[in-house]
Every structure is written in C-alpha cells, then in structure tokens.
Amino acid sequence: MKTIFDRYTIYDFSEEAIILELCEKIRKLRRSCCISQTELAQKSGVSIASIKRIETGSVTDLNICTLIKILRACGKLEGMAELIPDVPDSPFLIDQKTGKIRKNCRSSYKTSASL
C-alpha cells in the first residue's frame, strides 16, 4: 500500500481515504504520547466519544478545530504549519504601475495581463 502523504500520490486518493489515514495517524500519535483516550479527551477538550470515533475511523469528516485541539494536547501543533504552504503573491495582484499589491484580482486583469 502506498502512503497517501507523498506529495505526488496523494491526489490518487479520495477525501474519505485521506481522512481515514489521518484518523489512523491520530491514534498512533496518542499511543506514542502514552496517554489514554480519556486523558486525550481531557487535555484537548474533545469528547471521549469523538476521540473514539476518530480513532476507529468512523468519522466522515474531521473538523479542523478538533484536529488542532488534539495536536496541541499531544504537543505536535507544529504540524499545522505545513498544512497550507506559503505561496508567493500572484503576479495578477501586483499593480504593474505602482508595484503595490492589490487586495483582490478581477478577471479583466488576468485576461489583459496574459495577452
């Protein structure tokens, strides 16, 4: 089985498969911290029922706030920094005359700039 957290293969998996893999990683993380589900629930503020559903993979979606709470309780919150990579400003947002960055981008800028 290929790992889904490879930057080249992750697109081959459904959202459900990715969530199941995240749930498995959460279970492994809790165990590596040597804490029980009850302790994780108390430290994170997430209900014990939610922790159990996550760890058994019986969730259809994973709330980002819940994930943050669990990572914080396990001392692994730095993993969130990699969730959305930093990207440079779009060339369409930089005013060609002033060099200032626009707050939004209208499609007319894209079409005129790309011609």
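Now for a quick tour of the structure. (Residues numbered from 1 in each chain as written. Predicted model: local features only at pLDDT ≥ 70, side-chain atom pairs only at ≥ 80, totals over all residues. Heavy atoms only, no water.)

## What about helix α1 (residues 15-32)?
With 18 residues, α1 extends 25 Å from end C-alpha to end C-alpha; this agrees with the ideal 26 Å at 1.5 Å per step. Residues of α1 that are buried sit in contact with α2 (37-44), α3 (48-56) and α4 (64-73). Once α1 finishes, C34 follows within two positions and takes phi at roughly 55°, a positive value. (Helix = DSSP H or I, 4+ residues; strand = E, 2+ residues; numbered from the N terminus. Expected span 1.5 Å × (residues − 1). Contact = heavy atoms within 4.5 Å.)

## Here we look at unusual backbone geometry
What you tend to see is this: most non-glycine residues have negative phi, and most peptide bonds are trans. A positive phi angle is found at C34, which is not glycine, with a value near 55°. Within the element layout of this structure, C34 appears in the loop between α1 and α2. Residue classification places C34 among the exposed residues on the basis of a relative accessible area of 69%. (Buried < 20%, exposed > 50% of the residue type's maximum accessible area, 1.4 Å probe, protein only.)

## Some points on the nonpolar core
Formed by 18 residues in total, the largest nonpolar core has its most connected members in I26, L40, I51, I54, L67 and I70. For this core, the secondary-structure elements that each account for two or more residues are α1, α2, α3 and α4. (Core = buried A, V, L, I, M, F, W, Y, C linked by side-chain atoms within 4.5 Å.)

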